[in-house]
Protein chains: 2
Amino acid sequence: MNNLDLIKEISISSPTKIVLLVIDGLGGLPNPKTGKTELETAGTPNLDQLANKGICGLIDPVSPGITPGSTPAHLALFGYDPLRFNIGRGVVEAMGIDFDLKPEDIAARGNFCTVDKAGLVTDRRAGRISTEKCAELCRLLDGLVIDGVKILVQPVREHRFIAVFRGEGLEPGVSDSDPQKVGIAPKTVTALNPQAEMTAAIANKFIAKAKVVLAKHSPANMVLLRGFSRWPGLPTMPEVYKLKPAAIAQYPMYRGLAKLVGMEVLETGTTIEDEFRTLKQNYNNYDFFFVHIKETDSAGEDGDFDRKVKIIEEIDKALPALTSLKPDVIVVTGDHSTPALLKGHSWHAVPILLYSKWCRPDRVERFSEAACILGGLGRLPATQIMPLAMANALKLAKFGA
Amino acid sequence: MNNLDLIKEISISSPTKIVLLVIDGLGGLPNPKTGKTELETAGTPNLDQLANKGICGLIDPVSPGITPGSTPAHLALFGYDPLRFNIGRGVVEAMGIDFDLKPEDIAARGNFCTVDKAGLVTDRRAGRISTEKCAELCRLLDGLVIDGVKILVQPVREHRFIAVFRGEGLEPGVSDSDPQKVGIAPKTVTALNPQAEMTAAIANKFIAKAKVVLAKHSPANMVLLRGFSRWPGLPTMPEVYKLKPAAIAQYPMYRGLAKLVGMEVLETGTTIEDEFRTLKQNYNNYDFFFVHIKETDSAGEDGDFDRKVKIIEEIDKALPALTSLKPDVIVVTGDHSTPALLKGHSWHAVPILLYSKWCRPDRVERFSEAACILGGLGRLPATQIMPLAMANALKLAKFGA
């Protein structure tokens, strides 16, 4: 029996409430001048108080040494094994723009590109055309119907778009047309298994049609497609956990992912205070809240140690708006580490604190990487957070007699 | 997706260098007089300094409670699940003497032994005959052809040799002839599955022939065979990790195993200083070095607490020859524990330290069993060392988008 099946069997619906606060890219590396990480540098009296009353530890998003993208990292936080449920690039892009992806849709990531008279790619990004230009070109291609399959084309950003194939008999097992380098022609999309031959044929017809439509729009006179994929049919959070879950997130990708695991996505503003206000306003209507704060990750990616510290302090300052609601279980963690020193996601384990009336507190008095090493949760895979949160909300029955 | 497939997908070739120093049987148990283990008794200023700058933890070679042999323990260190890849003793011995094993060959480990007139084993090791004598006897048996199968017989050391069966239709699923005790006759080799019946028959004919040939060579007047096995087709380290790996080890078994996973085996001398000199001489030609020190395990097996302490101190003293090369990642650990008090391998978790620029140091200031309990790596399976080392060498790309 895998973990999801186990939880599905023993989960119980109840009035208790869980808040999972995800501080994106929370974990860091020590500033060489001070020996302290971003979190250790920040003044965080409210998080420290919660750590003091709660139980702490360190999580591995996938497994030790593995640096995760946002999608696998969040799937793990929601309790889904990210190696079992591998989500294709096309689906990720569609989620990123809040596209209403249907279970049978095949999504591909697209680039507008430039080809010369011989049809060879000279620029894979068409000179990075503006997002407005991209939207204009997408409108020329959106809604085409080929052999009964409708192709929905939506802009993402600059030269990037998504192409979603909607119709019967489609299969995602097809190769990319994007050759990943210049000086050669776009590749023909080919079926990787016999069931996908129709999809490959339709993709090639769409690409041929796009070439005709775009002929006069140089430098964006051709398209490249890659990452054809379908949403993997993973069980939703209401099915597995018997929760009524809501997501509070500004960024489209996290909203899209939340929707696909069965959360309701709430409208919210652009600040931390906005997100906590949305939590308060909707507090009575759900029993699980995923609250996502993106700015810490952005600061880490920018290599801005001080800004990451400042954002952590802002979160801490705003925290009473969350704690004053007195959720039965509060979990604070990150989806992965984004050390400013590395300017990107990393493999380092992420601090976690879990507070509930039933958590068996440890001796950790400070929410930090170093303090969490000695926490009562030890070092655990991120997929085990949800079972722990559910247990602490008394939403899991006994396993076995 | 299993872990090796994941690593293969995201590993990157780069100029950074990793040194994995394996102190065989490193972990110990406290001396009842002092309450300190071998490692805790030894003065190890250099290892302590590395632990202080690095991140520490405890590894389980297979899983808690399992005492591993050298082969599964090393496979785990190299990142291969030792329960998935079970390698027979015959293959390991063959690799250990640089034998050119073919994929279809069946290798068995052999002992020259002594049998009495009734055919009962009186000494499983024939009085530990000299390696020279062993070689002389092997020449008498080498190259026999039985039912179209050629049997290659090569000396290993003292009474030990290998017998390699080469021909068509062979299968490794046969039982040992070695009864593992004296006072009884060698066992008949039997097929463990119907496909292996021919192999069993040929093995028995070979043993009968050997008995005739050796009749006048008492005490080495018979052979015992065990560990019939074939090369398991496991992916090599260059394939999985995109490394150019080298092994520095004196003992044939470790050299053989290293070759099996795709390392180049370097010629080296018999002392710790020799091994570190070999490392220095070859430092520019490889990006991964497995350096193996055997004597700690031998001392533990002999129950010699003080000698094990002394060897650990010698390693520590020699360590600057390694650290002065400034590898990007240094891992120091053992393949398993060999407490002098138990006079053998044990199940106890093994201290590990990992040093790199990106390791996020913990508060451990001493390389010891007790200190490593509080390390930032926590307690982890040995198979996760390689992903961590690769990550710290910035040789792993992000998983997923």
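Residues numbered from 1 in each chain as written. Chains lettered and ligands numbered in written order. Predicted model: local features only at pLDDT ≥ 70, side-chain atom pairs only at ≥ 80, totals over all residues. Heavy atoms only, no water.

A word on a nonpolar patch on the surface
Together, Leu374 of chain A together with Ile373 and Leu374 of chain B line one region of the surface with nonpolar side chains, adding up to about 310 Å² of accessible area. In this fold, Leu374 of chain B is placed in the loop between helix 14 (369-372) and strand 14 (378-381). When its relative accessible area of 49% is taken as the criterion, Leu374 of chain B is described as partly exposed. (Patch = residues over 30% accessible without salt bridge, like charges linked within 9 Å, V, L, I, M, F, W, Y side chains within 5 Å. Areas by Shrake-Rupley, 256 points an atom, 1.4 Å probe, with all protein chains shown as cover. Salt bridge = Lys/Arg side-chain N within 4 Å of Asp/Glu carboxyl O. Helix = DSSP H or I, 4+ residues; strand = E, 2+ residues; numbered from the N terminus. Buried < 20%, exposed > 50% of the residue type's maximum accessible area, 1.4 Å probe, protein only.)

Considering the interface of chain B and chain A
Taken together, the contacts link 28 residues of chain B with 33 residues of chain A. Both faces considered, chain B and chain A share a buried interface measuring about 2400 Å² in area, 66% of it formed by carbon and sulfur atoms. Of all residues in chain B, the largest losses of buried area upon contact with chain A belong to Arg360, Phe399 and Ala401 of chain B, amounting jointly to 35% of the total for that side. Summed over the shared surface of chain B and chain A, the result is 0 salt bridges. Between chain B and chain A we count 7 residue pairs in polar contact (both at pLDDT 80 or more) in total. (Contact = heavy atoms within 4.5 Å. Buried area = accessible area lost by both parts, 1.4 Å probe. Polar contact = N/O pair within 3.5 Å; in protein donor to acceptor, adjacent residues only side chain to side chain.)

As for the environment of Glu314 of chain A
Mapped onto the elements of the fold, Glu314 of chain A is located in helix 12 (residues 305-318). Residues Glu314 of chain A and Asn193 of chain A, spaced 121 residues apart in sequence, show a C-alpha to C-alpha distance of 51 Å.

As for the pattern of salt bridges
Scanning all chains against the criterion turns up 44 salt bridges over all chains. Between Lys102 of chain A and Asp100 of chain A there is a salt bridge whose closest N-O contact spans 3.2 Å. Taking the relative accessible area as the measure of exposure, Lys102 of chain A reaches 36% and is therefore partly exposed. Judged by its relative accessible area of 45%, Asp100 of chain A is partly exposed. A salt bridge links Arg277 of chain B to Asp274 of chain B; its shortest N-O distance comes to 3.0 Å. Within this pair, Arg277 of chain B and its partner Asp274 of chain B are both found in helix 10 (residues 272-281), separated by 3 residues, close to a single helical turn. Each member of the salt-bridge network shares a partner with another, and the members are Arg89, Glu93, Arg109 and Arg160 of chain A.

A few points about the environment of Leu6 of chain A
Note that Leu6 of chain A resides in helix 1 (residues 3-10). Sequence-wise, Leu6 of chain A and Ala201 of chain A are 195 residues apart; in three dimensions their C-alpha atoms are separated by 42 Å.

Topic: the side chain of Thr278 of chain B
Its place among the elements puts Thr278 of chain B in helix 10. Not counting residues up to four positions away in its chain, the partners in contact with Thr278 of chain B are Ile248, Leu266, Glu267 and Thr268 of chain B.

What about the relation of the copies chain B and chain A?
Superposition record for chain B on chain A: RMSD 1.8 Å, screw rotation 122°, translation along axis 0.2 Å. Between the two chains, the operation in question is that of a three-fold axis. Across chain B, the rotation axis passes nearest the C-alpha of Leu374 of chain B, at a separation of 3.7 Å. (Least-squares fit on C-alpha atoms with pLDDT ≥ 70 in both.)

Remarks on the packing of aromatic side chains
All names here are of chain B. As enumerated under the stated definition, the model contains 14 aromatic pairs over all chains in all. A ring pair is formed by Phe112 and Phe161, whose centres lie 4.6 Å apart and whose planes are at 40°; its orientation type is tilted. A residue pair is termed long-range when its members are at least 10 positions apart, and Phe112 in strand 3 (residues 106-115) and Phe161 in strand 7 (residues 160-166) qualify at 49 residues. Exposure remark for Phe161: the relative accessible area of 0% places this residue in the buried category. (Phe/Tyr/Trp six-rings, centres within 6.5 Å; stacked < 30°, edge-to-face > 60°.)

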